[in-house]
Amino acid sequence: KGEYEYFKDNNILNVKYEDKLQLLKSYFPILESTKEIKMWNAIYIDRRIAKEFYSSKGANLKFDYQTCAVVMRYTLNVEGKTLNGKFDKVSIQFDELKGLEGDIRKILERDIEFVKHAKPVKPGKYTVVFSPVATGVFTHESFGHKSEADFMIGDETMMKEWAIGKKVGADNLSIVDTGDVLGSGFVPFDDEGTKSRKTYLIKNGILAGRLHSTTTAESLNEDLTGNARAINFEFEPIVRMTNTYIEPGDKTKEELISEVELGILV
């Protein structure tokens, strides 16, 4: 039970439409003045959701969450070579979308430099170093979906293949899902009223847990994790991720790259 106003003091709906539009337009000159950009578009988007949840078990919850973003897409042409590039800034506060000129220029300069020196990759096997963004996508697709327990109900093959305690990765690999991190995956309570918690899917290379609704937790005799999600009140909640990520290791980007004689940085 309880009422939680996480964004009472910085409600995105209190920002005027004109201010949002002006913020987006303030970045147009950077895109227009970059001669290598041949096509571009820019978008401002936000959403605020206030939820109330009641259940026959006595739940009585009210809470809110929000996100806002500036999104840019562009096509570069450098010496006849092209690249589709992007700049995204997502936040929970409007003011954090201001003053991004330096960040946008840095990304554009990086992309232009990349296209200028880009060479085709020769077929073969390579060691790959992932950026944080690429790591997040890889984690989501390769481990996150397999950890959504509704896929396992009634599937004995999957249960054996994805058994808790199984060695599935390197000793320094730990993957977490949690709804407590402010941002686009912020889910303080799921759509069954369960409080979010930090769930290790993999800990030190060992399969340590999976994501649950009340139905799947009961079926597999495991603890609730706060991952029951519904599109809206018309749909039954199903098991889905919140913020899923790999915990950091003890090496810097430069140290990781220095260990690779010939590889690919994604």
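Quick summary incoming for the structure in this document. Model, not experiment: these values are computed from the prediction.

Quick word on the overall build of the chain
Move 1: A tally of helices and strands in the chain yields seven helices and twelve strands.
Move 2: If you line up the chain on its principal axes, its C-alpha atoms span 60 × 50 × 30 Å.
Move 3: Taking all 266 residues of the chain together, the buried fraction comes to 35%.
Move 4: Taking as baseline every contact in the chain between residues at least 6 positions apart, the subset at least 24 positions apart corresponds to 65%.
Move 5: As presented, the chain carries roughly 16600 Å² of accessible surface, and 53% of it is formed by carbon and sulfur atoms.
Move 6: If you average the places of the 37 positive and of the 42 negative side-chain charges in the chain, the two averages end up 3 Å apart.

A short note on the pairing of strand β2 (residues 37-54)
Move 1: Here β2 runs beside strand β3 (residues 60-78); their pairing, made up of 17 bridges, is antiparallel. The partner of Met 39 across the bridge, within β3, is Thr 75.
Move 2: Between β2 and β3, which pair antiparallel one after the other, the connecting turn spans five residues, and Gly 58 there sits at a positive phi close to 105°.

Structural notes on unusual backbone geometry
Keep in mind that most residues, glycine aside, have a negative phi and that most peptide bonds are trans.
Move 1: Positioned with a positive phi, Glu 79 is a non-glycine residue whose angle comes to about 55°.
Move 2: Judged by relative accessible area, Glu 79 falls into the exposed class, the value being 66%.
Move 3: Phi is positive for Asn 221, which is not a glycine, with a value near 55°.

Notes on the sheet that holds strand β7 (residues 199-203)
Move 1: Sheet architecture is open: four strands sit in the order β8-β7-β6-β11, paired in antiparallel fashion. Lying at the two open borders of the sheet, with one neighbouring strand each, are β8 (206-207) and β11 (243-246).
Move 2: Here three bridges tie strand β6 (residues 175-178) to β7, and the two strands are oriented antiparallel to one another. If you follow Asp 177 over to β7, its bridge partner there is Thr 199.
Move 3: Running over the sheet, helix α4 (residues 132-144) touches β6, β7 and β11 and is turned about 105° from β11.

Structural notes on the side chain of Lys 20
Move 1: Tracing the backbone shows Lys 20 in helix α1 (residues 17-25).
Move 2: Residue Lys 20 is classed as buried on the basis of its relative accessible area, which comes to 11%.

Quick look at α4
Move 1: Along its 13 residues, α4 runs just 16 Å from first to last C-alpha, ending more than 12% under the 18 Å computed at 1.5 Å per residue.
Move 2: All of the buried residues along α4 are Ala 134, Thr 135, Thr 139, Phe 143 and Gly 144.
Move 3: For α4, the elements touching its buried residues are β6, β7 and β11.

A few points about the pattern of salt bridges
Once the charged atoms of two side chains with opposite charge are near each other, the side chains can pair.
Move 1: Tallying each qualifying case throughout the model produces 15 salt bridges.
Move 2: Here Asp 88 ties to Arg 73 by a salt bridge, and the two come within 2.7 Å at their closest N and O atoms. Placement of the pair is Asp 88 in strand β4 (residues 81-91) and Arg 73 in strand β3, with a sequence separation of 15 residues.
Move 3: Taking the relative accessible area as the measure of exposure, Arg 73 reaches 33% and is therefore partly exposed.

Focus on the nonpolar core
Move 1: Core analysis: the largest hydrophobic core is formed by 24 residues, its most contacted members being Tyr 27, Tyr 44, Val 70, Met 72 and Ile 104.
Move 2: Setting aside anything within four residues of it in sequence, one finds Tyr 44 in contact with Ile 12, Lys 20, Leu 24, Cys 68, Ala 69, Val 70, Phe 94 and Leu 97.
Move 3: In terms of nonpolar packing, the next biggest core, distinct from the first, is built from eleven residues, Trp 162, Leu 173, Ile 175 and Leu 201 among them.

Considering the packing of aromatic side chains
For any pair of aromatic rings, geometry is given as the distance between the ring centres together with the angle between the planes.
Move 1: Evaluated as defined, the whole model comprises six aromatic pairs.
Move 2: Their ring planes at 45° and their centres at 5.4 Å tell us that Phe 63 and Phe 189 sit as a pair that is tilted. Placement of Phe 63 in strand β3 and of Phe 189 in the loop between β6 and β7 is noted, with a sequence separation of 126 residues between them. Across the pair, exposure class does not vary: Phe 63 and Phe 189 are buried alike.
Move 3: In this structure, Lys 146 packs its charged tip against the face of Trp 162, placed 5.0 Å from the ring centre.

Focus: the pairing of β3
Move 1: Within β3, 14 of the 19 residues are buried, which leaves the element mostly enclosed by the surrounding structure.
Move 2: For strand β1 (residues 2-4) and β3, the ladder comprises three bridges, and the chain directions are parallel. Across the sheet, residue Tyr 4 finds its bridge partner in β3, namely Phe 63.
Move 3: Bridge count for β3 against β4 is eleven bridges, and the pairing is antiparallel. Its bridge partner lying in β4, Tyr 74 is registered against Gly 85.
Move 4: If you look at the hairpin formed by β3 and β4, you'll find two residues sitting between the two strands, and Glu 79 has a positive phi there, around 55°.

A few points about a nonpolar patch on the surface
Move 1: A contiguous nonpolar patch, built from Val 128, Phe 130, Phe 138 and Val 266 and spanning about 330 Å² of accessible area, is present on the exposed surface.
Move 2: Classification of Val 128 by relative accessible area gives partly exposed; the value is 40%.

Conventions used here
Residues numbered from 1 in each chain as written. Predicted model: local features only at pLDDT ≥ 70, side-chain atom pairs only at ≥ 80, totals over all residues. Heavy atoms only, no water. Helix = DSSP H or I, 4+ residues; strand = E, 2+ residues; numbered from the N terminus. Buried < 20%, exposed > 50% of the residue type's maximum accessible area, 1.4 Å probe, protein only. Contact = heavy atoms within 4.5 Å. Areas by Shrake-Rupley, 256 points an atom, 1.4 Å probe, with all protein chains shown as cover. Lys, Arg positive; Asp, Glu negative; His and termini not counted. Charge placed at Lys NZ, Arg CZ, Asp CG, Glu CD. Pairing = 2+ DSSP bridges. Axes fitted to C-alpha atoms, helices over the stretch in contact; angles between N-to-C directions. Expected span 1.5 Å × (residues − 1). Salt bridge = Lys/Arg side-chain N within 4 Å of Asp/Glu carboxyl O. Core = buried A, V, L, I, M, F, W, Y, C linked by side-chain atoms within 4.5 Å. Phe/Tyr/Trp six-rings, centres within 6.5 Å; stacked < 30°, edge-to-face > 60°. Lys NZ or Arg CZ within 6 Å of the ring centre and 35° of its normal. Patch = residues over 30% accessible without salt bridge, like charges linked within 9 Å, V, L, I, M, F, W, Y side chains within 5 Å.

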